[in-house]
Amino acid sequence: MSGLRSDGAKRRNDEGSHRLEAPKPATPQAAQKGAAVFFHAHPDDEALLTAGTMAMLAAQGHRVILVVATSGELGQADLEPGEALGAARMAELYRSAAALGCARVVNLGYGDSGLAPDGGVAEGRAGNAFIDADTEEAARRLAEILTEEGADLLTTYDPAGGYGHPDHVQVNRVGARAAEIAGTPIVLEATVNRDPLLKGLRLISRFFPQLDVRSFERAYSPGSVITHRVGVRRFAKQKRASMAAHASQATGADTRTLGVMVKVPMPLYRLVFGTEWYVRRGLPPGTRLRHPFEAPPQG
C-alpha cells in the first residue's frame, strides 16, 4: 500500500474506527482537483459499484477517500461471522483501496446489520448495528470527513439500497443528510442500470449456469432515471484487482457472484463491467453525463 499510512482512531461501541491515509495534496495544482468521498456499507461494495470511477478519478489527480460504515463482519464467508471476519474483510478493503489509488480509508465502526433470509433486517443483530444508528449522529460523523477533506463529491446508494440490504438503505439516508450538513455540492447515488445488467448476466450465465439471474430482476435502477454513465473500460484491470482483493467474498460452499465475476475473460469483463452508473437527484429527465464532475446542462 505504497503512499498510504495507517492511523489510529477513536474506538466506537467496541468496533474499531479505522483510518488509512496519505498526506493531502502539497501543491496548489493538486488541491484544485475536487476531492471525492465514496461512502459504502461494507468492504467489497466499492469493488462492485464504484471501483472503476474511483480508479479513474485517482488517475486524474483527484483525492479519493473510501468510507465504509461497517467492517462487514456478518457477511457470508468460510470464516464464522464475527470479529475475525471483520478484521479479514478490512484487510481486504485496504488491498482494494491500494489497487484503486485511494488516498484514505475510514471505517465508521458501526456493526454490520446482517440480512435476513427473506431479504429484510436480521434478528439478533449487534446493539450498534448501522441500521439502528441515529441518522443525524451518523450523518454528522460522515460530514466531519466531508468537511475535513473539502469534498466536492459524495457517492451513496439509491433509496432502495440497490438490492435492498438494510445497511445500503441506511447509507442513502446518512449520506444525503451528511451532504446537507457539510454543504457537499455533488451527491451521486451509485446504482446499476438494470437493463444491460440483466442482458450481461444472462450472457455470463451461459458459461456459469449456476449464476442466479432472477435475484437481479428487481434490483437497482432502470436506465430511464440514471443521469451518469461513466465509462471505465480503461480501468478494468484495477476494478478486477479490487474485486479479487475481497477473497473472502469470492469463495465458499455456494457459488458467489463476486467469485464468478473475477473469472470472466477480460474482453467480456470490459464489456459487462465497463460502465458505472449514478443518479443525481434534481436534474432534468433524460440528463446524460459522462463524468462525476461534469456540469449538468443549464436551462
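Residues numbered from 1 in each chain as written. Predicted model: local features only at pLDDT ≥ 70, side-chain atom pairs only at ≥ 80, totals over all residues. Heavy atoms only, no water.

Trainee: What's the story with the overall build of the chain in this structure? I'm lost.
Mentor: On a plain count of helices and strands, the chain comes out with 10 helices and nine strands. When contacts within the chain are restricted to residue pairs at least 6 apart in sequence, long-range pairs at least 24 apart make up 78% of them. Accessible area of the chain: about 13500 Å², with a carbon and sulfur share of 51%. (Helix = DSSP H or I, 4+ residues; strand = E, 2+ residues; numbered from the N terminus. Contact = heavy atoms within 4.5 Å. Areas by Shrake-Rupley, 256 points an atom, 1.4 Å probe, with all protein chains shown as cover.)

Trainee: So what exactly am I meant to see when it comes to the pairing of strand S5 (residues 104–110) here?
Mentor: Looking along a regular strand, one sees side chains alternate from face to face of the sheet. Burial of S5 is extensive: seven of the seven residues sit out of reach of the surface. Sheet analysis places strand S4 (residues 64–70) next to S5, joined by five bridges and oriented parallel. For Val67, the partnering residue across the bridge sits in S5 and is Val106. (Buried < 20%, exposed > 50% of the residue type's maximum accessible area, 1.4 Å probe, protein only. Pairing = 2+ DSSP bridges.)

Trainee: Mind showing me how you'd approach the environment of Gly86 here?
Mentor: Its place among the elements puts Gly86 in helix H4 (residues 83–100). On the accessibility criterion, Gly86 (4% relative accessible area) is buried. Gly86 sits 44 residues away from His42 along the chain, and the two C-alpha atoms are 9.6 Å apart. Sequence-distant contacts of Gly86, defined by excluding residues within four places in its chain, comprise Ser71 and Glu73.

Trainee: What's the story with the packing of helix H8 (residues 236–245) against helix H10 (residues 266–273) in this structure? I'm lost.
Mentor: The relative placement of two packed helices comes down to the angle between their axes together with the axis-to-axis distance. Following both chains from N to C, one finds H8 and H10 inclined at 90°, their axes separated by 10 Å at the closest point. Considering their axes alone, H8 and H10 lie roughly perpendicular with respect to each other. Listed contacts from H10 to Ala236, Lys237, Lys239, Arg240 and Met243 of H8 are Met266, Tyr269, Arg270 and Phe273. Of the residues in the contact of H8 with H10, the class split is five nonpolar, no polar and four charged. (Axes fitted to C-alpha atoms, helices over the stretch in contact; angles between N-to-C directions. Parallel < 35°, antiparallel > 145°, perpendicular 65-115°, else oblique. Nonpolar A, V, L, I, M, F, W, Y, C, P; charged D, E, K, R; others polar.)

Trainee: Where do I start with the packing of aromatic side chains in this structure?
Mentor: Two aromatic rings, taken as a pair, are described by how far apart their centres are and by the angle between their planes. A full pass over the atoms with the stated rule returns three aromatic pairs. Aromatic side chains Phe39 and Phe130 sit 6.4 Å apart centroid to centroid with 85° between the ring planes, which places their arrangement in the edge-to-face category. One end of the pair, Phe39, is in strand S3 (residues 35–40); the other, Phe130, is in the loop between S5 and helix H5 (135–149), with 91 residues separating them in the sequence. The two residues Phe39 and Phe130 agree in class, both being buried. Pairing Tyr269 with Phe273 gives two aromatic rings, centres 4.8 Å apart and planes at 50°, and the pair type is tilted. A residue pair is termed a helical-turn pair when its members lie 3 or 4 positions apart in one helix, as Tyr269 and Phe273 do in helix H10 at four residues. When its relative accessible area of 1% is taken as the criterion, Tyr269 is described as buried. Among the residues examined, Phe273 registers a relative accessible area of 10% and is labelled buried. (Phe/Tyr/Trp six-rings, centres within 6.5 Å; stacked < 30°, edge-to-face > 60°.)

Trainee: I keep staring at the nonpolar core and nothing clicks. Help me out?
Mentor: When a protein is soluble and globular, its nonpolar side chains tend to lie buried together. Core analysis: the biggest nonpolar cluster contains 77 residues, and Phe39, Val67, Phe130, Leu142 and Ile204 have the highest contact counts within it. What Leu142 contacts, discounting residues up to four positions off in sequence, is Phe39, Val67, Leu154, Val174, Gly175 and Ala178. (Core = buried A, V, L, I, M, F, W, Y, C linked by side-chain atoms within 4.5 Å.)

Trainee: Please clarify how H4 should be interpreted in this entry.
Mentor: Residue pairs three or four apart in sequence face the same way in an α-helix, which turns once every 3.6 residues. A rise of 1.5 Å per residue sets the reference length of H4, with its 18 residues, at 26 Å; its end C-alpha atoms lie 26 Å apart and thus fit the reference within 8%. Every buried residue belonging to H4 is among Leu85, Gly86, Arg89, Met90, Glu92, Leu93, Tyr94, Ser96, Ala97 and Leu100, and all of these are buried. One or two steps after H4, the chain reaches Gly101, where phi turns positive at roughly 85°. (Expected span 1.5 Å × (residues − 1).)

Trainee: So what exactly am I meant to see when it comes to helix H3 (residues 51–59) here?
Mentor: With respect to burial, H3 is a largely interior element, seven of its nine residues being buried. Among all positions of H3, only Ala51, Gly52, Thr53, Met54, Ala55, Met56 and Leu57 are buried.

Trainee: Can you walk me through the pairing of strand S9 (residues 275–279) in this structure?
Mentor: Within S9, four of the five residues are buried, which leaves it mostly tucked inside the rest of the structure. With three bridges joining them, strand S7 (residues 186–191) and S9 adopt antiparallel strand pairing. The partner of Glu189 across the bridge, within S9, is Val279.

Trainee: Is there a simple way to think about the environment of Asp134 in this case?
Mentor: When you line up the elements, Asp134 lands in the loop between S5 and H5. Sequence spacing of Asp134 and Val174 is 40 residues, and the spatial spacing of their C-alpha atoms is 9.0 Å. A polar contact of 3.3 Å, which involves the side chain of Asp134, links it to the backbone nitrogen of Glu136. (Polar contact = N/O pair within 3.5 Å; in protein donor to acceptor, adjacent residues only side chain to side chain.)

Trainee: I would appreciate a short explanation of unusual backbone geometry in the present structure.
Mentor: It is generally the case that most residues other than glycine have a negative phi and that most peptide bonds are trans. For Asp44, which is not a glycine, the phi torsion comes out positive at approximately 95°. Looking at where Asp44 falls in the secondary structure, it is placed in the loop between S3 and helix H2 (45–49).

Trainee: What am I meant to see in the side chain of His228 here?
Mentor: Among the structural elements, His228 can be located in strand S8 (residues 228–231). A polar contact of 2.8 Å, which involves the side chain of His228, links it to the side chain of Thr227. If we ignore the near neighbours within four places in the chain, the residues touching His228 are Leu188, Glu276, Trp277, Tyr278, Arg280, Leu283, Leu289, His291 and Pro292.

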